[in-house]
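This is what each chain is made of:
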Amino acid sequence: MIQHAVRSAGVAALLLLAAAPATLAQVGPGTQWTKDGYGYMRAQDGEIVQLDLRDPSKKVTLVSKQMLTPAGQQAPIGVRRFAFSDNGQKVLINTNTKKVWRYDTRGDYWVYDQTAKTLKQVGKDKPASSLMFAKFSPDGSKVAYVSGHNVYVEDVASGTSKALTTDGTDKLINGTFDWVYEEELDCRDGFRWSPDGQHIAYWQLDARKTPNYLMLNTTDALYPFNVPVEYPVVGEDPSRCRIGVVAVNGGETKWMEVPGDAVQHYIPRMEWSGSGELILQQLNRRQNESKLMLVNASTGAAKPIYSETDKAWIDAKDGAVGWNWIDGGKSFVWSSEKDGWRHLYTVDRKGKEKLLTKGDYDVISIEQISEPTGTIYFMASPTNATQQYLYKMPLKGGKAERVTPQNLAGTHGYDISPNGKIALHNYSSTTVFPVSDVVSLPAHQRLNGGDVPAQAKSIKLPKAEFFQVKTADGVTLDGWMVKPSNFDPKKKYPIVFYVYGEPASQTVTDRFGTGFNRLYQGSMADDGYIYASLENRGAPAPRGREFRKAIYHNIGSLNIRDQALGAKEVLKNNWVDTSRVAVWGWSGGGSSTLSLLFQYPQIYKTGISIAAVDNQLNYDNIYQERYMGLLPEDKHYFVDNSPLAHASKLRGNLLLIHGTGDDNVHYNNAEQMINELVRHGKVFQLMSYPNRTHSISEGEGTSQHLAATYTKFLKDNCPPGGR
């Protein structure tokens, strides 16, 4: 499930700058580091250049515009992404890209050979912008890619291609994934070269039994037409999933003999573990049992080596590409919450484990494992769940040591060089504009960068104050609050709560953008609103397993109670006007908004719900079943905790907003809620955006209209200003 980002355009631009040059997982190859680890390659001004992180003035053009201009053409191809072969002699360029749901993972590919000085298109006989996830073979002589749900291999020198699979259709998917695997398991790139370049292992998903959700397009043609999306809702079986290995010279696929029902399981992660062997993670349908297996690629025989169970759920391995091998492939680093905290372990090929990180804190993510220095770098924040810092510890285990300087409070991100001695670093907080710099490790000395972007000077930062409240249930919740600009404690002000509330995202984080609301036209603080957010149990905050997984079976109940009881504590402040309390959210936050408005009408008087899941039985199986259980035995959790079940209790002011072309949270959610509210005689307002997706951003004027609609409804029903 997507949590919609709520930031102004200027804020979003600065955050993108802070995150550059790293790319999203499975969308591109990531940072292209030089062999020595002190530099990296990037696309710049239509060319591919190499930069030295120790000296920004040193820039070498590796692939010029002239080199990128095909024979007989005047203009160079654009560089959306690129990847070098292992020997650095060839570069694979991704251009002319098109979106596949969220990201532009379809496109055209070209190879520039620096030795032969040639530029050749890969898969030129395939439809334009149809190639996905093209990758060099280990020796750089071939490129494999997916087109039309089939896997191909092409010889770079001759341009001869071979189809390794031929049975791909709209719903029999080779080398990539169906909608729900992509959305909920972050799976996109669905094939892997063997280390010797002689075989390819790939996923096959059979979605032929998955019903289509038929979205109705009524505006792009004279007659309406259906837009089908294979979408397994709660209770529908997942696509059959299996792993095949095929020789690059062609031939029959060898299917791996993964035990169990190929339909009633998920295989979210798979990689080569050595010559002729794969390693994979298998989750059962409930996603509360995880098994790691080594699989013989020749015979298909699978050998389980490590398993764990949880009373709630177990997440797929962080990072959808790669495996954290150490000690020459004899063992790997794995994360688990089995002792109540997300800790790191080493696991050998026989399943023997050793705890690396110890203590009452969560490892947020692994950033780098440096065997030459015997160090593992990871993100954590043991004392403040709203922040994020870099830590290091010996790879053999021991005491964690904070690397991020103590005086840089806030949220940090790192892209660490393979040599472990240098990192691209970004940092922000609610009071610090995003900055990007280059630091040495482990000293964390700034080598260059750190300049605040020019546009930051024109952005007025909200003064977000962090606080904690203890609810009547004894639960401590983090929160932030932005008070009116000319705050007078003798007056009473309206308060607007921003909520998400589900396991996909946090809202209370000490980073740039917190406290902004891009849907409000003007300044909430200047107009006299209190703007606030609370972090309920179930959010993915680094506060331990129990905090995160208490929400199991309880989305729409426990998270809603936490929010309401937390709001009660905030409303005890004399300067809060309890007659003017509003709440709003998007996606899961839209669902939470409805539940709060319906279940706690004595607290919340106005709600703006955007793209909400009104009926949990409508949402996709991987996400909703992970947190709520399976049908039929757990159906009551889905039904009783859905906003739809409480619609009859509406007393306040409600604005429903939804895009009719939302492929994620379908418009039928809004229509079912409309019917239920009408049945109970409840008056509300509705804004439907034709053919807009979950982001409600497509079409000229859409974002401005959405903001105007949001602002007017809020001002009309929860008037601003102190009284």
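Residues numbered from 1 in each chain as written. Predicted model: local features only at pLDDT ≥ 70, side-chain atom pairs only at ≥ 80, totals over all residues. Heavy atoms only, no water.

Looking at an unreviewed UniProt entry, the protein carries the name S9 family peptidase, with the source organism given as Hymenobacter aerilatus.

**Remarks on the overall build of the protein**
Selection criterion: Each helix is a run of H or I in the DSSP string that is no shorter than four residues. Each strand is a run of E no shorter than two, and both are numbered from the N terminus. Values of the radius of gyration come from C-alpha atoms, whereas the globule rule sets the reference at 2.2 Å times the count of residues to the power 0.38. The cut-offs for exposure are 20% and 50% of the maximum accessible area for each residue type, with area from a 1.4 Å probe on protein chains only; residues under the lower value are buried, those over the upper are exposed, and the others partly exposed. The contact criterion used throughout is that any non-hydrogen atoms of two residues lie within 4.5 Å.
In terms of regular secondary structure, the protein is built from ten helices and 43 strands. Its C-alpha radius of gyration of 26 Å places the protein within 12% of the 27 Å reference for a compact globule of 723 residues. When burial is assessed residue by residue, the protein has 57% of its 723 residues classed as buried. Partitioning the contacts of the protein with sequence separation of at least 6, the portion at a separation of at least 24 is 59%.

**A closer look at the pairing of strand S10 (residues 142-147)**
To keep things clear, this is the line we draw: Following DSSP output, two strands are said to pair if at least two bridges run between them.
Burial analysis of S10 places five of its six residues in the buried class, the great majority of the element. Across three bridges, the pairing between strand S9 (residues 132-136) and S10 is antiparallel. For Lys135, the partnering residue across the bridge sits in S10 and is Ala144. Between S9 and S10, which pair antiparallel and follow one another directly, the connecting turn spans five residues, one of which, Gly140, has a positive phi of 80°. Remark: two residues form the turn of the hairpin made by S10 and strand S11 (residues 150-155), two consecutive strands paired antiparallel; Gly148 in that turn has positive phi of roughly 60°.

**As for the packing of aromatic side chains**
This is how the line gets drawn: Note on aromatic contacts: the rings of Phe and Tyr and the six-membered ring of Trp form a pair at centre separations within 6.5 Å, being stacked when their planes are under 30 degrees apart, edge-to-face when over 60 apart, and tilted otherwise.
Here the structure, examined in full by the defined rule, presents 28 aromatic pairs. On the basis of an interplanar angle of 70° and a centroid distance of 5.8 Å, the ring pair of Tyr202 and Trp255 is categorised as edge-to-face. Within this pair, whereas Tyr202 is found in strand S15 (residues 199-206), its partner Trp255 is found in strand S19 (residues 254-255), the two being separated by 53 residues in sequence. What makes Tyr202 buried here is its relative accessible area of 2%. On the basis of relative accessible area, Trp255 is assigned to the partly exposed category, the value being 23%. Between the aromatic rings of Tyr619 and Tyr623, the centroid separation amounts to 5.5 Å while the plane-to-plane angle is 90°, which identifies the pairing as edge-to-face.

**Section: the pattern of salt bridges**
To keep it simple, the criterion reads: Salt bridges are defined by distance alone: a side-chain nitrogen of Lys or Arg within 4 Å of a carboxyl oxygen of Asp or Glu.
Under the definition given, this model contains 37 salt bridges. Among the ionic pairs, Asp473 bridges to Arg561, the shortest N-O distance being 2.7 Å. Here Arg561 lies in helix H5 (residues 558-570) and Asp473 lies in the loop between strand S36 (464-470) and strand S37 (476-482), a separation of 88 residues in the sequence. Since its relative accessible area comes to 36%, Asp473 is described here as partly exposed. For Glu546, the salt bridge is made with Arg545, and the minimal N-O distance between the two is 2.6 Å. Linked by salt bridges that have partners in common, Asp310, Glu337, Arg342, Asp362, Arg545, Glu546, Arg548 and Lys549 make up one network.

**Overview of helix H10 (residues 702-717)**
Here is the rule we go by: Between the first and last residue of a helix there are one fewer steps than residues, each counted as 1.5 Å, and that sum is the expected span.
For H10, built from 16 residues, the straight-helix expectation of 22 Å at 1.5 Å per residue is met to within 8% by its first-to-last C-alpha distance of 23 Å. Three or more residues of H10 are buried, namely Thr702, Leu706, Ala707, Thr709, Tyr710, Thr711, Phe713 and Leu714. Buried residues belonging to H10 abut strand S38 (493-498), helix H3 (524-527), strand S40 (576-586), strand S41 (606-610), strand S42 (653-659) and strand S43 (685-689).

**Brief notes about the UniProt feature "domain: Peptidase S9 prolyl oligopeptidase catalytic" (unreviewed entry) in the protein**
Put simply, the rule is: UniProt positions are given in the numbering used here, feature names are shortened, and annotations may be inferred rather than shown by experiment.
Mapped onto this structure's residue numbering, the UniProt feature "domain: Peptidase S9 prolyl oligopeptidase catalytic" (unreviewed entry) falls at residues 523-716. Here residues 523-716 runs as 39% helix and 18% strand, with 16 Å between its end C-alpha atoms.

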